[in-house]
Amino acid sequence: MAALARPRDGRMIGGVCAALARRFGTSATTMRVIFVASCLLPGPQFLLYIALWLLLPNQKPGATTAW
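**Q** Hey, could you run me through the environment of Gly 15 in this one?
**A** Residue position: Gly 15 is located in the segment before α1 (16-24). Residue Gly 15 is classed as buried on the basis of its relative accessible area of 3%. In sequence terms Gly 15 and Ala 5 are 10 residues apart; their C-alpha atoms lie 8.7 Å from each other. Beyond its immediate sequence surroundings of up to four residues, Gly 15 is in contact with Arg 6, Pro 7 and Tyr 49.

**Q** Any chance you could explain the packing of α1 against helix α3 (residues 45-55) here in plain terms?
**A** Axes are the key here: two packed helices are described by the angle between their axes and the distance separating the axes. Where α1 contacts α3, the two axes come as close as 9 Å, and the packing angle between them is 80°. Here α1 is positioned roughly perpendicular relative to α3, judged by the angle of their axes. Within the contact between the two elements, α1 uses Val 16, Cys 17 and Leu 20 and α3 uses Tyr 49, Leu 52 and Trp 53. Taken together, the residues of the contact of α1 with α3 sort by class into 6 nonpolar, no polar and no charged.

**Q** Would you mind going over a nonpolar patch on the surface with me for this structure?
**A** On the surface, Phe 46, Leu 47, Ile 50, Leu 54 and Leu 55 cluster together into a nonpolar patch covering about 590 Å² of accessible area. Within the secondary structure, Leu 54 is located in helix α3. Classification of Leu 54 by relative accessible area gives exposed; the value is 70%.

**Q** What should I look at first to understand the environment of Leu 52 in this one?
**A** Along the chain, Leu 52 falls in helix α3. A relative accessible area of 23% means that Leu 52 is categorised as partly exposed. On a C-alpha basis, the gap between Leu 52 and Val 16 in space is 6.6 Å, while along the polypeptide they are 36 residues apart. Residues contacting Leu 52, with those up to four places away along its chain left out, are Val 16 and Leu 20.

The rules behind the values
- Residues numbered from 1 in each chain as written.
- Predicted model: local features only at pLDDT ≥ 70, side-chain atom pairs only at ≥ 80, totals over all residues.
- Heavy atoms only, no water.
- Helix = DSSP H or I, 4+ residues; strand = E, 2+ residues; numbered from the N terminus.
- Buried < 20%, exposed > 50% of the residue type's maximum accessible area, 1.4 Å probe, protein only.
- Contact = heavy atoms within 4.5 Å.
- Axes fitted to C-alpha atoms, helices over the stretch in contact; angles between N-to-C directions.
- Parallel < 35°, antiparallel > 145°, perpendicular 65-115°, else oblique.
- Nonpolar A, V, L, I, M, F, W, Y, C, P; charged D, E, K, R; others polar.
- Patch = residues over 30% accessible without salt bridge, like charges linked within 9 Å, V, L, I, M, F, W, Y side chains within 5 Å.
- Areas by Shrake-Rupley, 256 points an atom, 1.4 Å probe, with all protein chains shown as cover.
- Salt bridge = Lys/Arg side-chain N within 4 Å of Asp/Glu carboxyl O.

As structure tokens, this is what we get:
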């Protein structure tokens, strides 16, 4: 599994879904669809996204991904 860091490439808004997708070995599109579908359910999904955006570090320059 890759380290949990927001990538410099492949970001849409904050890179949170791309970071989670790389961590769990799925595509970023799949992770984004899961996030949007989860927003239809009650809960703090949007607040969790913002918290991860603020807490996850950026990927270091020159770092390679695990895949």
